[in-house]
Amino acid sequence: MKITYWQRASAITVSAFLLLGISEGSADAASVSANAEMSWASLQITGTGAVTLYEPTTWTSSWSRAGAYDQWTIPADPYQSSDLRIGIVGTLAEADKVNAFGEAYGLAKTDTVPGERNIIATASAHATNYEDFSAIATAQRDRYYEVKSSGSLTFSINYTLDNISIDAADGYGWADILAFSNLSRWNTTTETWDTIRAGDVTRTKYIEFDDYIYGPKSGTIAFTYTATAGQYLHFGAGVMAKASAMSAVPVPGAVWLLGSGLLGMIAIRRKSSQLNC
């Protein structure tokens, strides 16, 4: 009687454990996307001073960069694809990381479509099977000026933090969108560019086992500087998007079944021992 009870309980518990363990093999997923844009066409320079473009055919530039990884953390040197060109021209950088457990994608783009938000950064990450992925994208433009007459100068440019979308009910998600600009002056003594003003507008969100939607939010970044005739100025502006996704690692239901099964086996064994006494 003892052997019969013990063997029967063992077979039932092990079989159920294996079946539930197989069903637990279908992993949960997490997805994140982030987008930001800026309109170079909206750049305005106003004030009592006056500037002209400095050698636009050799100094003006457009730059797109992107990276994608099968890990949660974006590296310190993150860009795997880069497209840098002279002039206000179109550039494109893409990075894609794909395997059986997910995908990360980064897209940075500048274009010359009139009236459009033509500096664009998009990053997305999707992870399953307890894996993690991340992506980054940065697009920017730079222009140089010669100050022709002294006075105040206000540089302004419009941005849109389009959206952050995190579907992390079954895992973890993180995103960051950023619009940035900077104004600097050429230092003739040190022969370096000294920063006059730098600013950014950002939105960052980290979510655990939940969903999140943000955007769009539009605005203007503006700097005012009192310039002196004969100075050389640099103005740069752009957007950045980052995304990281990690699927959850829940405690498998099979573990709880195994525990309850073992308790049942102990109880049956005790009962069978009593019957044999």
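This is a predicted model, so every value here is computed, not measured. (Residues numbered from 1 in each chain as written. Predicted model: local features only at pLDDT ≥ 70, side-chain atom pairs only at ≥ 80, totals over all residues. Heavy atoms only, no water.)

### What about the overall build of the protein?
Item 1. For the protein, the helix and strand inventory stands at three helices and twelve strands.
Item 2. Within the protein, the proportion of its 277 residues that are buried is 42%. (Helix = DSSP H or I, 4+ residues; strand = E, 2+ residues; numbered from the N terminus. Buried < 20%, exposed > 50% of the residue type's maximum accessible area, 1.4 Å probe, protein only.)

### Describing unusual backbone geometry
Item 1. The linkage connecting Gly215 with the following residue, Pro216, adopts the cis geometry, with an omega of -5°.
Item 2. As for its placement among the helices and strands, Pro216 is situated in the loop between β10 (192-214) and β11 (217-227).
Item 3. The residue Tyr130 is not glycine, and still its phi comes out positive at about 65°.
Item 4. Secondary-structure assignment places Tyr130 in the loop between β7 (119-128) and β8 (132-149).
Item 5. Here Glu191, not a glycine, exhibits a phi torsion of approximately 55°, which is positive.
Item 6. Tracing the chain through its elements places Glu191 in the loop between β9 (151-187) and β10.

### Some points on the confidence of the model for the protein
Item 1. For the protein, the average pLDDT comes to 85, and 78% of its residues sit at 70 or higher.
Item 2. Taken as a whole, residues 253-259 scores under 50 in pLDDT and shows twelve contacts with residues more than four places along the chain or in a different chain. (pLDDT = per-residue confidence, 0-100. Contact = heavy atoms within 4.5 Å.)

### Things to note about the environment of Ile88
Item 1. Within the secondary structure, Ile88 is located in the loop between β4 (81-86) and β5 (91-99).
Item 2. Ile88 sits 55 residues away from Arg143 along the chain, and the two C-alpha atoms are 8.8 Å apart.

### A closer look at a negative patch on the surface
Item 1. Taken together, the side chains of Asp167, Asp170, Asp210 and Asp211 define an acidic patch exposed on the protein surface.
Item 2. Of all elements in the fold, only β9 and β10 reach the threshold of two or more residues within the negative patch.
Item 3. For Asp211, a relative accessible area of 45% puts it in the partly exposed group. (Patch = residues over 30% accessible without salt bridge, like charges linked within 9 Å, V, L, I, M, F, W, Y side chains within 5 Å. Areas by Shrake-Rupley, 256 points an atom, 1.4 Å probe, with all protein chains shown as cover. Salt bridge = Lys/Arg side-chain N within 4 Å of Asp/Glu carboxyl O. Lys, Arg positive; Asp, Glu negative; His and termini not counted. Charge placed at Lys NZ, Arg CZ, Asp CG, Glu CD.)

### Here's the deal with the packing of aromatic side chains
Item 1. Evaluation of the coordinates by the stated rule reveals ten aromatic pairs.
Item 2. Ring geometry for Trp72 and Tyr206: centres 6.2 Å apart, planes at 85°, overall edge-to-face. Of this pair, Trp72 sits in the loop between β3 (61-69) and β4 while Tyr206 sits in strand β10; the two residues are 134 residues apart in sequence, bridging distant segments of the chain.
Item 3. Members of the aromatic cluster, each reached through a chain of ring pairs, are Tyr54, Trp59, Tyr144, Trp186, Trp193 and Tyr232.
Item 4. Lying across the ring of Tyr79, Arg65 places its NZ or CZ 4.7 Å from the centre. (Phe/Tyr/Trp six-rings, centres within 6.5 Å; stacked < 30°, edge-to-face > 60°. Lys NZ or Arg CZ within 6 Å of the ring centre and 35° of its normal.)

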